[in-house]
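Fold and geometry: a report
So you can see what is in the structure, the chains are spelled out below.
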Amino acid sequence: MNVLVTGGAGYIGSHMVKMLLAHGRNVTVLDDLSTGHRDAVAGARLVEGDIGDEALVAQLLAAEAIGALIHFAAFSLVAESVADPEKYRRNNVVKAEALLRAMRAAKVDRLVHSSTAAVYGEPQYQPIDEAHPAQPVNPYGATKLAVERMLEAAHADYGLHSVSLRYFNAAGADPEGRLGERHDPETHLIPLVLQAASGRRKSVQVFGGDFATRDGTCVRDYVHVNDLCEAHLRALDWLAGGGGREAINLGTEHGATVLEVIEAACRETGIDIPKVMAPRRPGDPAALVASTARAERILGWRPTRSDLPTIIRDAWRWERRSVAS
Ligand code: UFG
């Protein structure tokens, strides 16, 4: 089956493309390279273009005989979404609508959609299952939820089959060291910790030490990017087997605090990583941990490489390579 990956030049998308190719799938990537990197797409056809260009997408779906889409292309910075909600609505929601229209025109009826734990908003209990109220507290989460609602309606209205995968904290990198996180600006904890280890930054800031957690710092559920990608492969199989519509968490059911991440990084790198305590970052909940029961029941998915040492070792390989190049 031929697969179109939107946003396949980005962090998670590029790992997905590599895994699909390793599984013998034909892959076409559609990416406008606004945040992605051309050299992250190796071995697949890259079409530089806009997911909101309905005519381009419809033509591509037909010409490449696409059977399913994996849709990563979206803006994903919470703070930026608060500063410019309209940019997020236009890119993440309005363009997704155009993408769905193009799919419908080309009679492509399977989609795996990249969603986020940010759809839940302030957590009311842990671990968070999919029945938890979805009340996003920032425009980024709201745009992802809006697309989920659109996909539910498209299933009911004309039978679009889709799975939204709600990632908790994506982390880690390709174990071969060819791919990894390359955000500009980088805002995610693990790459920032490793940049402090490699000397690219003087130190890492710890945002808040007074949360109601075991050491006062925020708890997050880190999941290896390749575990996420495996869940997408399983979601494609579920759709091919006649699956209709689901929203599924991807996490590990285990949280780590910011200080635990830094300690694990010190252990794995052998470097005493400089850290400084800083005020809380606005909007950060104390803890976000996923219930994984639905992923296991529906997709038969369990993370196999999402322990902190493996995540950090793989991300560290990528950081050292980035420093060397
Ligand atoms: N943190 C620091 N110092 C830093 C960067 C982060 O202490 O320099 C802390 C944050 O306060 C947070 C934790 O490290 O407690 C993780 O922060 P990230 O920015 O790496 O990730 P978030 O949990 O904020 O964000 C993730 C996804 C978002 C998603 C959000 C909510 O990256 O896309 O979870 O689900 F919206």
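Residues numbered from 1 in each chain as written. Predicted model: local features only at pLDDT ≥ 70, side-chain atom pairs only at ≥ 80, totals over all residues. Heavy atoms only, no water.

What to know about the domain arrangement of the protein chain
Filter applied, for reference: Residue ranges for the domains trace back to a domain assignment, done automatically or taken from a database. By definition in these notes, contact holds between two residues if any of their heavy atoms fall within 4.5 Å. Buried area is a sum: the accessible area each of two parts loses on coming together, probed at 1.4 Å, counted once for each and added.
Parsing the protein chain into structural domains produces domain 1 (2-171 + 223-250) and domain 2 (189-220 + 253-324). Centre-to-centre separation of domain 1 and domain 2, based on C-alpha positions: 24 Å. In this complex, domain 1 contributes 25 residues to the contact, which on the side of domain 2 involves 22 residues. In total, domain 1 and domain 2 occlude about 2200 Å² of area from one another, counting both sides; carbon and sulfur atoms represent 62% of this.

Concerning the packing of aromatic side chains
Worth spelling out the cut-off: Paired rings are identified among Phe, Tyr and Trp, the last through its six-membered ring, by centres lying within 6.5 Å, and are further divided according to the angle between planes into stacked (under 30 degrees), edge-to-face (over 60) and tilted (the rest). Helical segments are the DSSP runs of H or I of at least four residues, strand segments are the runs of E of at least two, and each set is numbered from the N terminus. Summary of the burial criterion: residues with accessible area below 20% of their type's maximum are buried, those above 50% are exposed, and those between are partly exposed, where the area comes from a 1.4 Å probe applied to protein chains only.
Under the counting rule described, the total for this entry stands at 2 aromatic pairs. Where Phe75 meets Tyr88, the ring centres are 5.6 Å apart and the plane angle is 55°; that geometry is what we call tilted. With Phe75 in the loop between strand E4 (66-71) and helix H3 (78-83) and Tyr88 in helix H4 (residues 85-105), this pair connects stretches of sequence that are 13 residues apart. A single burial state applies to Phe75 and to Tyr88, both of which are buried. With 6.4 Å between their ring centres and 40° between their planes, Tyr120 and Phe168 make a pair best called tilted.

Focus on the sheet that holds strand E1 (residues 2-6)
As a reminder, the rule being used: Strands qualify as paired when DSSP identifies two bridges or more between them. Under this scheme, a helix contributes an axis fitted over its contacting stretch, all axes are lines through C-alpha atoms, and angles between N-to-C directions fall in the 0 to 180 degree range.
Strand order in the open sheet made by the 7 strands is E3-E2-E1-E4-E5-E6-E11, with parallel pairing throughout. The strands lining the two open edges of the sheet, one partner per strand, are strand E3 (45-48) and strand E11 (245-250). Taking each pair of neighbouring strands and ignoring which way they run, the sheet shows an average axis angle of 20°. Bridging between E1 and E4 involves 5 bridges; their strand directions are parallel. By the bridge assignment, Val5 is partnered in E4 with Ile70. Sitting on the sheet, H4 touches E1, E4 and strand E5 (110-116), and the angle it makes with E4 is about 170°. Sheet strands touched by helix H7 (residues 225-240): E1, E4, E5, strand E6 (161-167) and E11. Its angle to E6, the strand with the most contacts, is close to 160°.

Some details on the site of the ligand
Which entries qualify depends on this criterion: The near set for a molecule or strand comprises every residue that places at least one heavy atom within 4 Å of it. Distance and chemistry together define a polar contact, namely a pair of N or O atoms within 3.5 Å, with one atom able to donate a hydrogen and the other to accept it when in protein, and with adjacent residues in sequence counting only for side-chain atoms on both sides. Accessibility throughout is a Shrake-Rupley quantity obtained with a 1.4 Å probe, and a residue counts as covered only by protein chains that appear here. Residues are grouped as follows: Ala, Val, Leu, Ile, Met, Phe, Trp, Tyr, Cys and Pro are nonpolar; Asp, Glu, Lys and Arg are charged; all remaining types, including Gly, are polar.
Around the ligand there are 21 residues in total, and Leu189, Gln205, Arg220, Arg281 and Asp284 lie nearest to it. At a separation of 2.8 Å, an oxygen atom of the ligand approaches a polar side-chain atom of Arg220. One of the side-chain N or O atoms of Arg281 is found 2.6 Å from an oxygen atom in the ligand. Contact with the protein chains covers 90% of the free accessible surface of the ligand, which is 690 Å². Looking at the shell around the ligand, the elements with two or more residues in it are helix H6 (189-198) and strand E8 (204-207). By residue number, the principal contributor to the shell around the ligand is E8, which donates 3 residues. For the shell around the ligand, the per-class residue count stands at 12 nonpolar, 6 polar and 3 charged. Residue assignment places the shell around the ligand across two domains, with domain 1 (2-171 + 223-250) and domain 2 (189-220 + 253-324) each supplying three or more.

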